[in-house]
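Given next are the chains, with one letter for each unit.
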Amino acid sequence: MKHAVLDSPIGPLTVVGNGDVVTGLYFPNHWTHPDRTTFGDRDDTAFPEAARQLKEYFAGRRTAFDVPAQATGPDFDRAVWAEITSIPYGATATYGDLARAAGGLPHEVGAAVGRNPLSILVACHRVVGKGGKLTGYAGGIQRKQFLLDLERPPASALW
């Protein structure tokens, strides 16, 4: 295991992985931040492809990620995370939508979304409450709003 800390417009992001496979992407004060002793040695040159793609995303030049990544968790969580990957860039889905797609109840989906270890790569910021309400986000509501705004097309592109 190793980790890198990358600068971003929403604060430093910690990328964790094994070899070239990303197994975690965390914000400062991430709700479900695992014990840092499991991150391995710090090497800020590690994960150059993830760093490049994240930089492109924050610059508005990337709408999807294809870095090698692997999220581990219970079957239900992985089913929810798979459903999240089907939410298109710039769109949102509700916890209820995901509950209908993955099975389970909206609060169970919310818990699974909160345990997503691949924030941004598995775009859990696109999951919103009923009526589009911004609800809990492991990186904080301000980061969630930033990411949703980043993905929103500029008004001039709507014409």
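Residue numbering note: each chain is counted from 1, following its sequence as written. Side-chain atom pairs in this predicted model are given and counted only at pLDDT of 80 or more, local residue features only at pLDDT of at least 70, and totals for whole chains, interfaces and linings cover all residues. In computing side-chain values, all of the structure's heavy atoms are included and hydrogens and water are not.

Considerations on the side chain of Ser119
Thinking step 1. For helices the rule is a DSSP run of H or I covering at least 4 residues; for strands it is a run of E covering at least 2, with both sets numbered from the N terminus onward. Note on placement: Ser119 falls in the loop between helix H4 (106-114) and strand S6 (127-128).
Thinking step 2. Only protein chains enter the calculation, and the probe is 1.4 Å; a residue is then buried if its accessible area is under 20% of its type maximum, exposed if over 50%, and partly exposed in between. On the basis of relative accessibility, which here comes to 1%, the residue Ser119 falls in the buried class.
Thinking step 3. Any two residues having at least one pair of non-hydrogen atoms within 4.5 Å are treated as being in contact. Leave out the neighbours within four places in its chain, and Ser119 touches Leu25, Phe27, His30, Cys124 and Tyr137.

Some thoughts on the pairing of strand S3 (residues 21-26)
Thinking step 1. In short, DSSP must find at least two bridges between two strands for them to pair. Bridge count between strand S2 (residues 13-18) and S3: five bridges; the pairing is antiparallel. Paired with Val15 across the strands is Leu25, a residue of S3.
Thinking step 2. Between S2 and S3, which follow one another and run antiparallel, lie two residues, and Gly19 among them has a positive phi close to 65°.

A look at the nonpolar core
Thinking step 1. In these notes, a set of buried Ala, Val, Leu, Ile, Met, Phe, Trp, Tyr and Cys residues joined through side-chain atoms within 4.5 Å is what counts as a nonpolar core. Judged by nonpolar contacts, the single largest core of 34 residues is most densely connected at Leu54, Phe58, Ile84, Val113 and Ile120.
Thinking step 2. When contributions to this core are tallied by element, the ones reaching two or more residues are strand S1 (2-6), S2, S3, helix H1 (48-58), helix H2 (75-84), helix H3 (95-102) and H4.
Thinking step 3. Per-element accounting of this core gives the leading share, four residues, to H1.

With respect to the environment of Glu56
Thinking step 1. With respect to the helices and strands, Glu56 occurs in helix H1.
Thinking step 2. Residues Glu56 and Thr94, spaced 38 residues apart in sequence, show a C-alpha to C-alpha distance of 27 Å.
Thinking step 3. Ignoring sequence-local partners within four residues, the contact set of Glu56 consists of Arg61 and Arg62.
Thinking step 4. The term polar contact refers here to a pair of N or O atoms within 3.5 Å; inside protein, the definition further demands a hydrogen-donor-capable atom paired with an acceptor-capable atom, and it admits residues adjacent in sequence only when both atoms are side-chain atoms. A distance of 2.8 Å separates polar atoms of two side chains, one belonging to Glu56 and the other to Arg62.

Some words on the confidence of the model for the chain
Thinking step 1. As a per-residue measure, pLDDT reflects the predictor's confidence and takes values from 0 up to 100. For the chain, per-residue confidence averages 91 on the pLDDT scale, and residues scoring 70 or more make up 95% of the total.
Thinking step 2. Highest mean pLDDT in the chain belongs to H1 (98); lowest belongs to H4 (92).

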